[in-house]
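Observations on the three-dimensional arrangement
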Amino acid sequence: MAPQGSRAELEFGGPLGAAALLLLLPATMFHLLLVARSGPARLLGPPPYLPELEELWSPWALLLCLTWLGLQAALYLLPARKVAEGQELKDKSRLSYPINGNPIYDFFLGRELNPRICSFDFKYFCELRPGLIGWVLINLALLMQEAELRGSPSLAMWLVNGFQLLYVGDALWHEEAVLTTMDIIHDGFGFMLAFGDLAWVPFTYSLQAQFLLYHPEPLGLPLASVICLINAVGYYIFRGANSQKNAFRKNPSDPRVADLETISTATGRRLLVSGWWGMVRHPNYLGDLIMALAWSLPCGVSHLLPYFYLLYFTALLVHREARDEQQCLRKYGLAWHAYCRRVPYRIVPYIY
Ligand SMILES: NC(=O)C1=CN([C@@H]2O[C@H](COP(=O)(O)OP(=O)(O)OC[C@H]3O[C@@H](n4cnc5c(N)ncnc54)[C@H](OP(=O)(O)O)[C@@H]3O)[C@@H](O)[C@H]2O)C=CC1
Ligand SMILES: CC(C)CCC[C@@H](C)[C@H]1CC=C2C3=C(CC[C@@]21C)[C@@]1(C)CC[C@H](O)C[C@@H]1CC3
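Residues numbered from 1 in each chain as written. Chains lettered and ligands numbered in written order. Predicted model: local features only at pLDDT ≥ 70, side-chain atom pairs only at ≥ 80, totals over all residues. Heavy atoms only, no water.

1. Description of the site of ligand 2
Taken together, 13 residues sit near ligand 2, with Leu 25, Glu 127, Asp 183, Asp 197 and Arg 320 positioned nearest. Per-element accounting of the shell around ligand 2 gives the leading share, four residues, to helix H8 (residues 191–204). Of the residues assigned to the shell around ligand 2, the class counts are eight nonpolar, one polar and four charged. (Near = heavy atom within 4 Å. Helix = DSSP H or I, 4+ residues; strand = E, 2+ residues; numbered from the N terminus. Nonpolar A, V, L, I, M, F, W, Y, C, P; charged D, E, K, R; others polar.)

Here you go:
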(Lines give C-alpha, C1' and ligand atoms only; values in the text may rest on other atoms or scores of the structure.)
(Ligands and ions follow the chains in the order given, each with its own letter.)
Protein backbone atom coordinates (compact mmCIF):
# COMPACT_ATOMS: atom_id res chain seq x y z
CA MET A 1 0.00 0.00 0.00
CA ALA A 2 1.15 3.59 -0.51
CA PRO A 3 3.27 5.40 2.06
CA GLN A 4 1.23 8.17 3.64
CA GLY A 5 0.75 11.27 1.49
CA SER A 6 2.31 9.83 -1.67
CA ARG A 7 0.91 8.30 -4.92
CA ALA A 8 0.07 4.66 -4.44
CA GLU A 9 3.00 2.51 -5.66
CA LEU A 10 1.58 -0.06 -8.03
CA GLU A 11 3.02 -3.57 -7.53
CA PHE A 12 2.81 -6.76 -9.59
CA GLY A 13 3.13 -4.65 -12.75
CA GLY A 14 0.13 -2.49 -11.92
CA PRO A 15 -3.22 -3.03 -13.72
CA LEU A 16 -1.59 -4.73 -16.72
CA GLY A 17 0.35 -7.14 -14.53
CA ALA A 18 -2.71 -7.81 -12.41
CA ALA A 19 -4.86 -8.45 -15.49
CA ALA A 20 -2.25 -10.82 -16.91
CA LEU A 21 -2.00 -12.71 -13.62
CA LEU A 22 -5.79 -12.99 -13.36
CA LEU A 23 -5.71 -15.05 -16.56
CA LEU A 24 -2.28 -16.65 -16.25
CA LEU A 25 -2.61 -18.12 -12.76
CA PRO A 26 -5.78 -20.19 -13.26
CA ALA A 27 -4.53 -21.24 -16.72
CA THR A 28 -1.15 -22.31 -15.25
CA MET A 29 -2.81 -24.33 -12.51
CA PHE A 30 -5.14 -25.97 -15.04
CA HIS A 31 -2.19 -26.79 -17.35
CA LEU A 32 -0.19 -28.28 -14.47
CA LEU A 33 -3.08 -30.52 -13.41
CA LEU A 34 -3.52 -31.78 -16.99
CA VAL A 35 0.22 -32.32 -17.58
CA ALA A 36 0.67 -34.17 -14.25
CA ARG A 37 -1.86 -36.75 -15.46
CA SER A 38 -0.27 -37.21 -18.86
CA GLY A 39 2.38 -39.81 -19.72
CA PRO A 40 5.00 -37.42 -21.10
CA ALA A 41 4.34 -34.95 -18.24
CA ARG A 42 6.10 -32.21 -20.19
CA LEU A 43 5.88 -29.02 -18.13
CA LEU A 44 6.86 -26.78 -21.01
CA GLY A 45 4.86 -28.66 -23.67
CA PRO A 46 1.21 -28.01 -24.64
CA PRO A 47 -1.44 -29.62 -22.43
CA PRO A 48 -1.85 -33.27 -23.53
CA TYR A 49 -5.58 -32.85 -24.09
CA LEU A 50 -8.40 -30.42 -23.28
CA PRO A 51 -11.19 -32.14 -21.32
CA GLU A 52 -14.81 -31.86 -22.42
CA LEU A 53 -16.89 -29.27 -20.59
CA GLU A 54 -18.83 -32.11 -18.92
CA GLU A 55 -15.57 -33.29 -17.35
CA LEU A 56 -14.96 -29.86 -15.85
CA TRP A 57 -18.34 -29.40 -14.19
CA SER A 58 -19.30 -31.65 -11.30
CA PRO A 59 -22.03 -30.68 -8.83
CA TRP A 60 -20.52 -33.20 -6.42
CA ALA A 61 -17.12 -31.49 -6.59
CA LEU A 62 -18.77 -28.12 -5.95
CA LEU A 63 -20.73 -29.60 -3.03
CA LEU A 64 -17.53 -31.15 -1.65
CA CYS A 65 -15.65 -27.83 -1.84
CA LEU A 66 -18.51 -25.89 -0.21
CA THR A 67 -18.87 -28.57 2.49
CA TRP A 68 -15.10 -28.46 3.13
CA LEU A 69 -15.17 -24.64 3.42
CA GLY A 70 -18.24 -24.80 5.66
CA LEU A 71 -16.60 -27.40 7.92
CA GLN A 72 -13.44 -25.28 8.21
CA ALA A 73 -15.52 -22.16 8.89
CA ALA A 74 -17.44 -24.01 11.64
CA LEU A 75 -14.20 -25.24 13.22
CA TYR A 76 -12.73 -21.74 12.91
CA LEU A 77 -15.69 -20.31 14.89
CA LEU A 78 -15.29 -22.79 17.77
CA PRO A 79 -15.07 -20.70 21.00
CA ALA A 80 -12.11 -22.82 22.15
CA ARG A 81 -9.70 -21.22 19.67
CA LYS A 82 -7.04 -18.92 21.07
CA VAL A 83 -7.51 -15.22 20.32
CA ALA A 84 -4.21 -13.45 19.55
CA GLU A 85 -3.70 -9.74 19.22
CA GLY A 86 -3.00 -8.53 15.72
CA GLN A 87 -0.21 -6.03 14.89
CA GLU A 88 -0.77 -2.53 16.22
CA LEU A 89 -0.64 0.19 13.53
CA LYS A 90 1.36 3.38 14.03
CA ASP A 91 -1.48 5.50 15.48
CA LYS A 92 -2.86 2.60 17.55
CA SER A 93 -5.76 2.07 15.18
CA ARG A 94 -6.26 0.89 11.61
CA LEU A 95 -5.53 3.55 9.00
CA SER A 96 -7.53 3.67 5.77
CA TYR A 97 -5.33 4.24 2.72
CA PRO A 98 -6.46 6.15 -0.37
CA ILE A 99 -6.47 3.47 -3.04
CA ASN A 100 -6.22 5.00 -6.52
CA GLY A 101 -5.55 1.84 -8.61
CA ASN A 102 -8.18 0.77 -11.22
CA PRO A 103 -10.83 -2.01 -10.57
CA ILE A 104 -8.65 -4.84 -11.97
CA TYR A 105 -5.70 -3.86 -9.79
CA ASP A 106 -7.94 -3.50 -6.71
CA PHE A 107 -9.66 -6.80 -7.50
CA PHE A 108 -6.29 -8.57 -7.75
CA LEU A 109 -4.59 -7.08 -4.67
CA GLY A 110 -7.75 -6.41 -2.68
CA ARG A 111 -8.85 -3.18 -1.01
CA GLU A 112 -9.85 -4.36 2.44
CA LEU A 113 -6.90 -5.10 4.73
CA ASN A 114 -8.89 -7.09 7.32
CA PRO A 115 -12.26 -8.15 5.80
CA ARG A 116 -14.44 -9.42 8.66
CA ILE A 117 -18.00 -10.30 9.45
CA CYS A 118 -18.25 -10.05 13.24
CA SER A 119 -15.12 -11.86 14.48
CA PHE A 120 -14.75 -13.99 11.32
CA ASP A 121 -11.62 -12.70 9.59
CA PHE A 122 -11.73 -13.97 5.98
CA LYS A 123 -8.07 -13.34 5.19
CA TYR A 124 -6.78 -14.90 8.39
CA PHE A 125 -9.16 -17.86 7.98
CA CYS A 126 -8.13 -18.49 4.37
CA GLU A 127 -4.39 -18.04 4.99
CA LEU A 128 -3.90 -21.29 6.89
CA ARG A 129 -6.94 -23.51 7.14
CA PRO A 130 -8.87 -24.62 4.03
CA GLY A 131 -5.87 -24.38 1.67
CA LEU A 132 -3.04 -25.80 3.75
CA ILE A 133 -5.10 -28.54 5.42
CA GLY A 134 -6.70 -29.28 2.04
CA TRP A 135 -3.20 -29.62 0.56
CA VAL A 136 -2.17 -32.40 2.94
CA LEU A 137 -5.57 -34.08 2.56
CA ILE A 138 -5.07 -34.20 -1.22
CA ASN A 139 -1.58 -35.60 -0.64
CA LEU A 140 -3.04 -38.29 1.64
CA ALA A 141 -5.73 -39.17 -0.91
CA LEU A 142 -3.02 -39.56 -3.59
CA LEU A 143 -0.96 -41.76 -1.26
CA MET A 144 -3.99 -43.94 -0.62
CA GLN A 145 -4.77 -44.08 -4.34
CA GLU A 146 -1.20 -45.25 -5.03
CA ALA A 147 -1.64 -47.97 -2.38
CA GLU A 148 -4.79 -49.12 -4.17
CA LEU A 149 -3.06 -48.98 -7.55
CA ARG A 150 0.28 -50.62 -6.66
CA GLY A 151 -0.38 -52.46 -3.43
CA SER A 152 1.50 -49.97 -1.27
CA PRO A 153 2.64 -46.34 -1.42
CA SER A 154 6.13 -45.77 -2.81
CA LEU A 155 8.93 -44.46 -0.59
CA ALA A 156 8.96 -41.28 -2.67
CA MET A 157 5.25 -40.73 -1.98
CA TRP A 158 5.81 -41.29 1.74
CA LEU A 159 8.63 -38.74 1.75
CA VAL A 160 6.62 -36.07 -0.08
CA ASN A 161 3.63 -36.63 2.21
CA GLY A 162 5.78 -36.56 5.33
CA PHE A 163 7.76 -33.46 4.41
CA GLN A 164 4.67 -31.46 3.48
CA LEU A 165 2.69 -32.65 6.50
CA LEU A 166 5.56 -31.39 8.67
CA TYR A 167 5.44 -28.02 6.90
CA VAL A 168 1.66 -27.61 7.31
CA GLY A 169 1.71 -28.90 10.88
CA ASP A 170 4.46 -26.38 11.68
CA ALA A 171 2.40 -23.54 10.18
CA LEU A 172 -0.66 -24.51 12.25
CA TRP A 173 1.42 -24.98 15.39
CA HIS A 174 2.86 -21.48 14.92
CA GLU A 175 -0.48 -20.07 13.73
CA GLU A 176 0.02 -16.83 15.63
CA ALA A 177 3.17 -16.07 13.58
CA VAL A 178 0.93 -15.54 10.53
CA LEU A 179 -0.22 -12.30 12.18
CA THR A 180 3.23 -10.81 11.50
CA THR A 181 3.36 -11.84 7.83
CA MET A 182 3.16 -9.41 4.97
CA ASP A 183 -0.16 -10.84 3.85
CA ILE A 184 -1.90 -9.99 7.12
CA ILE A 185 -0.13 -6.70 7.81
CA HIS A 186 0.24 -5.22 4.35
CA ASP A 187 -1.74 -6.96 1.58
CA GLY A 188 -5.46 -6.56 0.96
CA PHE A 189 -7.63 -9.65 0.62
CA GLY A 190 -8.22 -9.82 -3.14
CA PHE A 191 -8.00 -12.39 -5.92
CA MET A 192 -4.28 -13.05 -5.31
CA LEU A 193 -4.70 -14.22 -1.72
CA ALA A 194 -8.18 -15.74 -2.17
CA PHE A 195 -7.14 -17.75 -5.24
CA GLY A 196 -3.69 -18.37 -3.72
CA ASP A 197 -5.03 -19.70 -0.44
CA LEU A 198 -8.02 -21.68 -1.71
CA ALA A 199 -6.89 -23.02 -5.10
CA TRP A 200 -3.18 -22.46 -5.79
CA VAL A 201 -1.92 -23.95 -2.51
CA PRO A 202 -3.98 -27.19 -2.42
CA PHE A 203 -3.75 -27.99 -6.14
CA THR A 204 -0.25 -26.84 -7.16
CA TYR A 205 1.55 -27.47 -3.87
CA SER A 206 0.41 -31.14 -4.12
CA LEU A 207 1.96 -31.43 -7.60
CA GLN A 208 4.78 -33.75 -6.53
CA ALA A 209 2.31 -36.24 -5.04
CA GLN A 210 0.10 -35.97 -8.16
CA PHE A 211 3.14 -36.60 -10.37
CA LEU A 212 4.21 -39.64 -8.34
CA LEU A 213 0.77 -41.23 -8.62
CA TYR A 214 1.01 -41.23 -12.44
CA HIS A 215 4.81 -41.53 -12.70
CA PRO A 216 6.12 -43.92 -9.99
CA GLU A 217 9.72 -43.14 -9.05
CA PRO A 218 11.87 -45.92 -7.53
CA LEU A 219 13.87 -44.48 -4.66
CA GLY A 220 16.62 -46.30 -2.75
CA LEU A 221 17.22 -45.86 0.98
CA PRO A 222 20.63 -44.11 0.60
CA LEU A 223 19.20 -41.39 -1.67
CA ALA A 224 16.07 -41.15 0.50
CA SER A 225 18.30 -40.59 3.54
CA VAL A 226 20.16 -37.77 1.77
CA ILE A 227 16.85 -36.16 0.78
CA CYS A 228 15.59 -36.41 4.38
CA LEU A 229 18.80 -34.71 5.52
CA ILE A 230 18.27 -31.89 3.01
CA ASN A 231 14.71 -31.37 4.25
CA ALA A 232 15.91 -31.44 7.87
CA VAL A 233 18.55 -28.78 7.18
CA GLY A 234 15.95 -26.61 5.42
CA TYR A 235 13.45 -27.00 8.24
CA TYR A 236 16.14 -26.25 10.87
CA ILE A 237 17.01 -22.95 9.16
CA PHE A 238 13.35 -22.10 8.43
CA ARG A 239 12.10 -22.76 11.94
CA GLY A 240 15.20 -21.37 13.68
CA ALA A 241 15.07 -18.08 11.79
CA ASN A 242 11.30 -17.59 12.11
CA SER A 243 11.26 -18.46 15.81
CA GLN A 244 14.26 -16.21 16.52
CA LYS A 245 12.69 -13.20 14.83
CA ASN A 246 9.23 -13.81 16.27
CA ALA A 247 10.66 -14.26 19.80
CA PHE A 248 12.65 -11.05 19.38
CA ARG A 249 9.66 -9.11 18.12
CA LYS A 250 7.49 -10.43 20.96
CA ASN A 251 10.06 -9.74 23.71
CA PRO A 252 13.58 -8.41 22.90
CA SER A 253 14.61 -9.40 26.46
CA ASP A 254 13.69 -13.04 25.89
CA PRO A 255 16.74 -15.02 27.11
CA ARG A 256 16.80 -16.88 23.79
CA VAL A 257 17.52 -13.66 21.87
CA ALA A 258 18.64 -11.13 24.48
CA ASP A 259 22.34 -11.62 23.71
CA LEU A 260 21.98 -11.11 19.96
CA GLU A 261 23.50 -7.98 18.45
CA THR A 262 20.99 -5.42 17.19
CA ILE A 263 20.86 -1.94 15.65
CA SER A 264 18.37 0.69 16.74
CA THR A 265 15.93 2.45 14.42
CA ALA A 266 14.02 5.71 14.60
CA THR A 267 10.80 3.76 15.23
CA GLY A 268 12.11 2.37 18.54
CA ARG A 269 12.05 -1.16 17.09
CA ARG A 270 15.46 -2.80 16.79
CA LEU A 271 16.82 -4.98 13.97
CA LEU A 272 18.72 -8.20 14.60
CA VAL A 273 22.18 -8.16 12.97
CA SER A 274 23.53 -11.39 14.43
CA GLY A 275 22.18 -14.94 14.68
CA TRP A 276 20.15 -16.16 11.71
CA TRP A 277 19.32 -12.57 10.67
CA GLY A 278 23.00 -11.69 10.61
CA MET A 279 23.68 -14.45 8.05
CA VAL A 280 21.35 -13.08 5.33
CA ARG A 281 18.39 -10.66 5.42
CA HIS A 282 15.78 -13.44 4.89
CA PRO A 283 17.22 -16.69 6.33
CA ASN A 284 13.70 -18.09 6.69
CA TYR A 285 13.29 -17.92 2.90
CA LEU A 286 16.55 -19.86 2.45
CA GLY A 287 15.30 -22.65 4.70
CA ASP A 288 11.96 -22.70 2.88
CA LEU A 289 13.68 -22.98 -0.51
CA ILE A 290 15.90 -25.84 0.68
CA MET A 291 12.77 -27.69 1.79
CA ALA A 292 11.16 -26.97 -1.58
CA LEU A 293 14.14 -28.71 -3.23
CA ALA A 294 13.76 -31.70 -0.88
CA TRP A 295 10.09 -31.98 -1.88
CA SER A 296 10.99 -32.26 -5.57
CA LEU A 297 13.98 -34.63 -5.39
CA PRO A 298 11.92 -37.79 -4.55
CA CYS A 299 10.33 -37.38 -8.04
CA GLY A 300 13.66 -37.97 -9.75
CA VAL A 301 15.22 -35.76 -12.42
CA SER A 302 13.57 -37.16 -15.55
CA HIS A 303 10.84 -34.49 -15.61
CA LEU A 304 10.79 -30.75 -14.95
CA LEU A 305 7.19 -30.79 -13.71
CA PRO A 306 7.92 -31.77 -10.06
CA TYR A 307 10.35 -28.82 -9.88
CA PHE A 308 7.64 -26.33 -10.85
CA TYR A 309 7.02 -25.54 -7.18
CA LEU A 310 10.75 -24.83 -6.60
CA LEU A 311 10.87 -22.54 -9.66
CA TYR A 312 7.63 -20.74 -8.80
CA PHE A 313 8.55 -20.46 -5.13
CA THR A 314 11.99 -19.02 -5.93
CA ALA A 315 10.32 -16.35 -8.04
CA LEU A 316 7.70 -15.71 -5.36
CA LEU A 317 10.25 -15.31 -2.56
CA VAL A 318 12.64 -13.17 -4.63
CA HIS A 319 9.71 -10.88 -5.47
CA ARG A 320 8.41 -11.00 -1.90
CA GLU A 321 11.86 -10.19 -0.52
CA ALA A 322 12.05 -7.15 -2.81
CA ARG A 323 8.62 -5.98 -1.64
CA ASP A 324 9.61 -6.48 1.97
CA GLU A 325 12.84 -4.54 1.41
CA GLN A 326 10.83 -1.57 0.11
CA GLN A 327 8.52 -1.74 3.12
CA CYS A 328 11.45 -1.98 5.55
CA LEU A 329 13.21 0.89 3.81
CA ARG A 330 10.09 3.00 4.31
CA LYS A 331 9.81 1.85 7.93
CA TYR A 332 13.45 2.14 8.95
CA GLY A 333 15.18 4.46 6.47
CA LEU A 334 18.87 4.90 7.30
CA ALA A 335 18.81 2.07 9.86
CA TRP A 336 17.82 -0.33 7.07
CA HIS A 337 20.72 0.91 4.92
CA ALA A 338 23.00 0.25 7.90
CA TYR A 339 21.51 -3.23 8.22
CA CYS A 340 22.12 -3.89 4.51
CA ARG A 341 25.74 -2.84 4.88
CA ARG A 342 26.15 -5.23 7.78
CA VAL A 343 24.18 -8.05 6.11
CA PRO A 344 24.72 -7.61 2.35
CA TYR A 345 23.05 -10.80 1.10
CA ARG A 346 19.28 -11.16 0.80
CA ILE A 347 18.53 -14.91 0.80
CA VAL A 348 21.58 -17.04 -0.12
CA PRO A 349 24.91 -16.26 1.56
CA TYR A 350 27.56 -14.97 -0.88
CA ILE A 351 25.19 -15.51 -3.82
CA TYR A 352 22.04 -13.39 -3.54
N1 LIG B 1 5.11 -21.68 1.21
C2 LIG B 1 4.76 -20.50 0.73
O3 LIG B 1 4.06 -20.38 -0.29
C4 LIG B 1 5.22 -19.25 1.39
C5 LIG B 1 5.95 -19.34 2.57
N6 LIG B 1 6.39 -18.18 3.16
C7 LIG B 1 7.16 -18.31 4.41
O8 LIG B 1 6.48 -17.58 5.40
C9 LIG B 1 7.40 -17.09 6.38
C10 LIG B 1 7.09 -15.62 6.66
O11 LIG B 1 7.55 -14.90 5.55
P12 LIG B 1 7.05 -13.37 5.29
O13 LIG B 1 5.63 -13.28 5.64
O14 LIG B 1 7.47 -13.01 3.91
O15 LIG B 1 7.83 -12.40 6.27
P16 LIG B 1 9.06 -12.56 7.26
O17 LIG B 1 8.74 -13.56 8.29
O18 LIG B 1 10.31 -12.75 6.48
O19 LIG B 1 9.06 -11.16 8.00
C20 LIG B 1 9.55 -9.98 7.34
C21 LIG B 1 9.49 -8.92 8.43
O22 LIG B 1 10.38 -9.28 9.48
C23 LIG B 1 10.93 -8.11 10.09
N24 LIG B 1 12.39 -8.16 9.99
C25 LIG B 1 13.13 -8.26 8.86
N26 LIG B 1 14.44 -8.27 9.15
C27 LIG B 1 14.55 -8.20 10.51
C28 LIG B 1 15.64 -8.16 11.43
N29 LIG B 1 16.90 -8.20 11.00
N30 LIG B 1 15.36 -8.10 12.74
C31 LIG B 1 14.08 -8.05 13.17
N32 LIG B 1 12.99 -8.07 12.36
C33 LIG B 1 13.23 -8.14 11.04
C34 LIG B 1 10.34 -6.93 9.31
O35 LIG B 1 9.11 -6.57 9.92
P36 LIG B 1 9.04 -5.65 11.28
O37 LIG B 1 10.39 -5.07 11.48
O38 LIG B 1 7.98 -4.65 10.99
O39 LIG B 1 8.67 -6.62 12.34
C40 LIG B 1 10.01 -7.56 7.97
O41 LIG B 1 9.00 -6.85 7.30
C42 LIG B 1 8.80 -17.30 5.80
O43 LIG B 1 9.43 -18.39 6.45
C44 LIG B 1 8.53 -17.69 4.34
O45 LIG B 1 9.50 -18.62 3.87
C46 LIG B 1 6.14 -16.93 2.64
C47 LIG B 1 5.42 -16.82 1.49
C48 LIG B 1 4.92 -17.97 0.77
C1 LIG C 1 -1.22 -17.15 -6.58
C2 LIG C 1 -0.04 -16.22 -6.54
C3 LIG C 1 0.99 -16.68 -7.54
C4 LIG C 1 0.64 -16.10 -5.23
C5 LIG C 1 -0.14 -16.64 -4.05
C6 LIG C 1 0.80 -16.74 -2.87
C7 LIG C 1 0.15 -17.46 -1.68
C8 LIG C 1 -0.17 -18.88 -2.09
C9 LIG C 1 1.15 -17.39 -0.51
C10 LIG C 1 1.43 -15.93 -0.12
C11 LIG C 1 1.96 -16.06 1.25
C12 LIG C 1 1.64 -17.29 1.77
C13 LIG C 1 2.07 -17.83 3.00
C14 LIG C 1 1.89 -19.16 3.28
C15 LIG C 1 1.17 -20.07 2.30
C16 LIG C 1 1.13 -19.52 0.87
C17 LIG C 1 0.77 -18.06 0.83
C18 LIG C 1 -0.68 -17.82 1.18
C19 LIG C 1 2.26 -19.74 4.62
C20 LIG C 1 0.98 -19.82 5.44
C21 LIG C 1 2.87 -21.17 4.44
C22 LIG C 1 3.34 -21.74 5.78
C23 LIG C 1 4.34 -20.81 6.45
O24 LIG C 1 4.74 -21.34 7.71
C25 LIG C 1 3.74 -19.42 6.67
C26 LIG C 1 3.33 -18.85 5.30
C27 LIG C 1 2.84 -17.43 5.40
C28 LIG C 1 2.75 -16.87 3.96
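2. So, a nonpolar patch on the surface
Taken together, the side chains of Phe 30, Leu 50, Leu 53 and Leu 56 define a hydrophobic patch exposed on the protein surface, amounting to about 430 Å² of accessible area. With respect to the element layout, Leu 56 can be found in helix H2 (residues 53–56). When its relative accessible area of 46% is taken as the criterion, Leu 56 is described as partly exposed. (Patch = residues over 30% accessible without salt bridge, like charges linked within 9 Å, V, L, I, M, F, W, Y side chains within 5 Å. Areas by Shrake-Rupley, 256 points an atom, 1.4 Å probe, with all protein chains shown as cover. Salt bridge = Lys/Arg side-chain N within 4 Å of Asp/Glu carboxyl O. Buried < 20%, exposed > 50% of the residue type's maximum accessible area, 1.4 Å probe, protein only.)

3. Topic: unusual backbone geometry
Among all residues except glycine, the phi angle is most often negative; among peptide bonds, the trans geometry is most common. You will see that Phe 12, though not glycine, has its phi angle at about 55°, which is positive. Relative to the helices and strands, Phe 12 is located in the segment before helix H1 (14–36). Here the phi dihedral of Ala 41 falls at roughly 50°; this positive angle occurs in a residue that is not glycine. The residue Ala 41 is located in the loop between H1 and H2 in this model. Ala 41 sits in the buried class, given a relative accessible area of 1%.

4. Side note on the packing of aromatic side chains
Following the criterion strictly, the structure yields 26 aromatic pairs and no others. Consider the rings of Tyr 235 and Phe 238, whose centres lie 6.3 Å apart with planes at 35°: the pair is tilted. Of the two residues, Tyr 235 and Phe 238 are both situated in helix H10 (residues 221–250); the distance of three residues between them amounts to about one turn of the helix. Classification of Phe 238 as buried rests on a relative accessible area of 9%. (Phe/Tyr/Trp six-rings, centres within 6.5 Å; stacked < 30°, edge-to-face > 60°.)

5. Quick notes on the nonpolar core
One finds Phe 108, Trp 135, Trp 200 and Leu 305 to be the most contacted residues of the largest nonpolar core, which totals 73 residues. The element best represented in this core is helix H5 (residues 122–150), accounting for nine residues. The residues touching Trp 200, leaving out its near neighbours within four places in the chain, are Leu 25, Thr 28, Met 29, Phe 195, Tyr 205, Phe 308 and Tyr 312. With 17 residues, the next largest nonpolar core counts Ala 247, Phe 248, Val 257 and Trp 277 among its residues. (Core = buried A, V, L, I, M, F, W, Y, C linked by side-chain atoms within 4.5 Å. Contact = heavy atoms within 4.5 Å.)

6. Structural notes on the packing of helix H6 (residues 155–173) against H10
Between H6 and H10, the least distance of the axes is 11 Å, while the angle of their chain directions is 10°. Between H6 and H10, the angle falls in the class roughly parallel. Each of Leu 155, Leu 159, Phe 163, Leu 166, Tyr 167 and Asp 170 in H6 lies in contact with H10, whose residues at this interface are Leu 221, Ala 224, Ile 227, Cys 228, Asn 231, Tyr 235, Phe 238 and Arg 239. Split by residue class, the contact of H6 with H10 holds 11 nonpolar, one polar and two charged. (Axes fitted to C-alpha atoms, helices over the stretch in contact; angles between N-to-C directions. Parallel < 35°, antiparallel > 145°, perpendicular 65-115°, else oblique.)

7. Considering the pattern of salt bridges
The tally for this structure, following the rule as stated, stands at 13 salt bridges. Ionic pairing is found between Glu 176 and Lys 250, a salt bridge with its closest N-O pair at 3.7 Å. Placement of the pair is Glu 176 in the loop between H6 and helix H7 (182–185) and Lys 250 in helix H10, with a sequence separation of 74 residues. Among the residues examined, Glu 176 registers a relative accessible area of 27% and is labelled partly exposed. Here Asp 187 makes a salt bridge to Arg 323, at a shortest N to O gap of 2.6 Å.

8. Examining the site of ligand 1
As a structural note, the neighbourhood of ligand 1 is formed by 26 residues, with Tyr 205, Tyr 285, Asp 288, Arg 320 and Tyr 332 the closest of them. In the model, an oxygen atom of ligand 1 is placed 2.9 Å from a nitrogen or oxygen of the Asn 242 side chain. In this structure, Arg 320 approaches ligand 1 through a side-chain N or O atom, which is 2.6 Å from an oxygen atom. Of all the secondary structure elements, the ones that give two or more residues to the shell around ligand 1 are H10, strand S4 (270–272), helix H12 (283–296), helix H13 (308–332) and helix H14 (334–342). Counting residues per element, the shell around ligand 1 draws most heavily on H13, which supplies eight residues. (Polar contact = N/O pair within 3.5 Å; in protein donor to acceptor, adjacent residues only side chain to side chain.)

9. Quick look at the packing of H5 against H8
When two helices pack together, you describe them by how their axes are tilted relative to each other and by the distance separating the axes. Their axes nearest at 7 Å, the elements H5 and H8 cross at an angle of 10°. Taken together, the axes of H5 and H8 are roughly parallel relative to one another. Crossing geometry of H5 relative to H8 is assigned as right-handed. Residue-level inspection shows Lys 123, Cys 126, Glu 127, Pro 130, Gly 131, Leu 132, Gly 134, Trp 135 and Ile 138 of H5 in contact with H8, the latter providing Leu 193, Asp 197, Leu 198, Val 201, Pro 202 and Phe 203. Partitioning the contact of H5 with H8 into residue classes produces 10 nonpolar, two polar and three charged. (Left-handed = near helix turned anticlockwise from the far one by under 90°.)

10. Points about the domain arrangement of the protein
Split into domains, the protein comes out as domain 1 (123–218) and domain 2 (220–352). The gap between the C-alpha centroids of domain 1 and domain 2 is 20 Å. Listed as interface residues are 27 residues of domain 1 and, on the opposing side, 33 residues of domain 2. Here domain 1 meets domain 2 over a buried area of about 2,700 Å², counting both sides, of which 65% is carbon and sulfur. Interface area lost by domain 1 to domain 2 is led by Phe 163, Tyr 167 and Met 182, which between them contribute 25%. For the pair domain 1 and domain 2, the number of links is 11 residue pairs in polar contact (both at pLDDT 80 or more). In terms of residue class, the side of domain 1 that touches domain 2 is made up of 16 nonpolar, six polar and five charged. (Domains from an automatic or database assignment. Buried area = accessible area lost by both parts, 1.4 Å probe.)

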